[in-house]
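# Geometric and topological summary
These are the residues of each chain, in order.
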Amino acid sequence: MTKPFADHATLHSLPMKTNLTELLSEHKISPVLVDVGASERPPAIWNDIAACSTYVGFDPDEREMHEDKLAGFQRKVTVNMAVTADASATAVEFFLTKSPFCSSTKVPNAPALASYLYADLFVVEKTTQVGALTLNAAARLAKVATFDWLKLDTQGTDLSIFKSLNDALGKSVLALDIEPGLRDAYVDEDLFGDAHIHLTDNGFWPASIKTLGAIRMTDKAFDDLTRGMSPMAKKITEASLQRSPCWCEARYLRSLEWMEATGAGSREYLLLWTFAVLSQQYGFALDVARHVGDRIDRTLGDDLRKRSISLIEHHTRNLPLRSPLTYLKVVTPPSLKALVKKVIGRA
């Protein structure tokens, strides 16, 4: 229900040799980036490869779509239709909520939402019939053969839609972003637990998981608490209250074991390496590079290995500037940490 992933893994401050668009173009690779539940703009993490990529975006709630944000892509296809897992459906009922980021083909679960302050965002303002298609049909419509990086933010149906992919498209997905609920904000929605089990059982590993939430407090209790307060005081009070986990933003990447078992080629490995770098999984990127050099293409593997090491060295050199506390945690011996805790505890 949120805007696109907040991670801005841009590479502008990294060594020039990490220019990913040039690298992919050199190997004549054009990634297909699929955005189901498109928000105000494509995920920022795609910016560094947009110039050589095809963007395919879907969202039936046109209040969210901003065509001007797609100018940087080599090719772009936008479809104002709902994506469904049902191959027989040509239209679905779509619930337009107060917040366009909460609109869904699933009915908001009003009784469950009533315990949270963000319940009003899910109020259905209009119900409409919208055209619908499966991702398999969408691939034919967009004239693409792969979904190299798939982002699903469908408000309750991420797992169902992923499982509806035909075998070829499903295997083409090397990076997958999902935003499943940790609790039932929609009736019969796909929850994180089921999605995580399915994905890890089918060749993915979790590269990042960010938990997000809302204040578990009824509107009546909040009104009682803030009665007589100014609007600014109400905002400050709300901001001070603890959020409870309600949903998460999760990114999954293919494992090397799965890549080898399915006979992936140099294109797939180079894209997996690229997606790992964009996700700042530099250690995994080095593993991918070494695997490529040992089993696929020694020249390509050596190039990716050098790039990976350069990225890691750059990242390490800049660690103290970004996070001194993180650096201290890394270099401080466990015995000294224990002593500091003991001293603080006695103070």
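Within each chain, residues carry numbers counting from 1 in the order of the written sequence. For a predicted model such as this one, the threshold for reporting local features is a pLDDT of at least 70, and the threshold for listing and counting side-chain atom pairs is 80 or more; totals across whole chains, interfaces and linings nevertheless cover every residue. The side-chain values count all of the structure's non-hydrogen atoms but skip hydrogen atoms and water molecules.

## As for a nonpolar patch on the surface
- Patch criteria: residues need more than 30% relative accessible area and no salt bridge. Like-charged residues are merged within 9 Å; nonpolar side chains of Val, Leu, Ile, Met, Phe, Trp and Tyr are merged within 5 Å. For the area figures, the Shrake-Rupley method with a 1.4 Å probe applies, and any residue is considered shielded solely by the protein chains shown. When a carboxyl oxygen of Asp or Glu is within 4 Å of a side-chain nitrogen of Lys or Arg, the pair counts as a salt bridge. A surface patch of nonpolar side chains, about 450 Å² in accessible area, is lined by Leu336, Leu339, Val340, Val343 and Ile344.
- If you trace the backbone, Ile344 turns up in helix α15 (residues 334-346). Put simply, DSSP H or I for four residues or longer makes a helix, DSSP E for two residues or longer makes a strand, and each gets a number counted from the N terminus.

## Some remarks on unusual backbone geometry
- Unlike most non-glycine residues, Lys28 shows phi in positive territory, near 55 degrees.
- Among the secondary structure elements, Lys28 is positioned in the loop between α1 (20-26) and β1 (32-36).
- Categorising residues by exposure relies on relative accessible area from a 1.4 Å probe, with only protein chains included: less than 20% of the type maximum marks a residue as buried, more than 50% marks it as exposed, and the intermediate range marks it as partly exposed. Under the relative-accessibility criterion, Lys28 is labelled exposed at 77%.
- The backbone phi angle of Gln155 is positive, close to 60 degrees, even though this residue is not glycine.
- In this structure, Gln155 sits in the loop between β7 (149-152) and α4 (158-163).

## Focus: the nonpolar core
- Joining through side-chain atoms within 4.5 Å is the link that ties buried Ala, Val, Leu, Ile, Met, Phe, Trp, Tyr and Cys residues into a set, and such a set is a nonpolar core. Counting 39 residues, the largest nonpolar core has Ile49, Trp149, Leu253, Trp273, Phe275 and Val288 as its most contacted members.
- Sorting the residues of this core by element identifies α1, α9 (256-261), α10 (266-278), α11 (282-295) and α12 (298-317) as the ones contributing at least two each.
- Looking at this core element by element, the count peaks at nine residues for α10.
- Ignoring anything within four residues of it in the chain, the contact list for Val288 reads Leu256, Tyr269, Leu272 and Trp273.
- Residues Val36, Val56, Val77 and Tyr252 belong to the second largest nonpolar core, which totals 32 residues. Note on contacts: a residue pair qualifies if any of its non-hydrogen atoms lie within 4.5 Å across the two residues.

## Structural notes on the packing of α10 against α12
- Fitted lines through C-alpha atoms serve as axes, helices being fitted only where they are in contact, and the angles separating the N-to-C directions of these axes extend from 0 to 180 degrees. Closest axis-to-axis distance for the α10/α12 pair is 12 Å, and the angle between their directions is 0 degrees. Classed by the angle they form, the pair α10 and α12 counts as roughly parallel. Where α10 approaches α12, its residues Ser266, Leu270, Trp273 and Val277 are matched on the opposing element by Leu300, Leu304, Arg307, Ser308 and Leu311.
- Three classes are used: nonpolar for Ala, Val, Leu, Ile, Met, Phe, Trp, Tyr, Cys and Pro, charged for Asp, Glu, Lys and Arg, and polar for all others, with Gly counted as polar. Residue composition of the contact of α10 with α12, by class: six nonpolar, two polar and one charged. Note on angle classes: values under 35 degrees are labelled roughly parallel, values over 145 roughly antiparallel, values of 65 to 115 roughly perpendicular, and the remainder oblique.

## Structural notes on the pattern of salt bridges
- Within this structure, the stated rule accounts for eight salt bridges.
- Across the salt bridge formed by Asp120 and Lys98, the nearest N and O atoms sit 3.2 Å from each other. Of this pair, Asp120 sits in the loop between α2 (110-113) and β6 (124-133) while Lys98 sits in the loop between β5 (91-97) and α2, and the two are 22 residues apart along the sequence.
- Classification of Asp120 by relative accessible area gives partly exposed; the value is 30%.
- For Arg227, the salt bridge identified is with Asp224, shortest N-O distance 3.1 Å.

## Description of the confidence of the model for the chain
- The predictor rates its confidence in each residue with pLDDT, a number between 0 and 100. Chain-level statistics for the chain give a pLDDT mean of 88 and a share of 86% at 70 or above.
- Scored below 50 in pLDDT, residues 2-13 makes 37 contacts in the model with residues more than four places away or belonging to other chains.
- Overall, residues 63-68 carries pLDDT values under 50, and its contacts beyond four positions in sequence, including any with other chains, amount to 20 contacts.

## Side note on the packing of aromatic side chains
- Each Phe, Tyr or Trp ring, with Trp reduced to its six-membered ring, pairs with another whose centre is within 6.5 Å; inter-plane angles below 30 degrees give stacked pairs, above 60 give edge-to-face pairs, and intermediate values give tilted ones. Throughout the structure, instances matching the rule amount to 10 aromatic pairs.
- Ring centres of Tyr116 and Tyr118 lie 6.0 Å apart, and the angle between their planes is 65 degrees; this geometry places the pair in the edge-to-face category. There is no split in this pair, since Tyr116 and Tyr118 are both buried.
- For the pair Phe122 and Tyr186, a centre-to-centre distance of 5.6 Å together with 65 degrees between the ring planes defines the contact as edge-to-face. Here Tyr186 lies in the loop between β8 (175-178) and α6 (192-200) and Phe122 lies in the loop between α2 and β6, a separation of 64 residues in the sequence. The same class applies to Phe122 as to Tyr186, namely buried.
- Among the aromatic residues, ring-to-ring pairing joins Trp46, Tyr55, Phe73, Trp149 and Phe275 into one connected group.
- Here, a charge over a ring is recorded when the distance from Lys NZ or Arg CZ to the ring centre is within 6 Å and its angle to the ring normal is within 35 degrees. Cation over ring: Arg254 sits above Trp258, and NZ or CZ is 3.7 Å from the ring centre.

## Some points on the pairing of β5
- Of all seven residues in β5, five are buried; the element is thus mostly enclosed.
- Here, strands pair whenever DSSP counts at least two bridges between them. Here β5 pairs with β6 via seven bridges, running antiparallel. The residue of β6 that forms the bridge with Ala91 is Gly131.

## With respect to the pairing of β6
- Pairing analysis gives two bridges linking strand β4 (residues 82-83) to β6, with the strands arranged parallel. Within β6, the position partnered with Ala82 by the bridge is Ala132.

## With respect to the sheet that holds β6
- Read across the open sheet, the three strands follow the order β4-β6-β5; overall the sheet is mixed. Looking at which strands have only one partner, the edges of the open sheet turn out to be β4 and β5.

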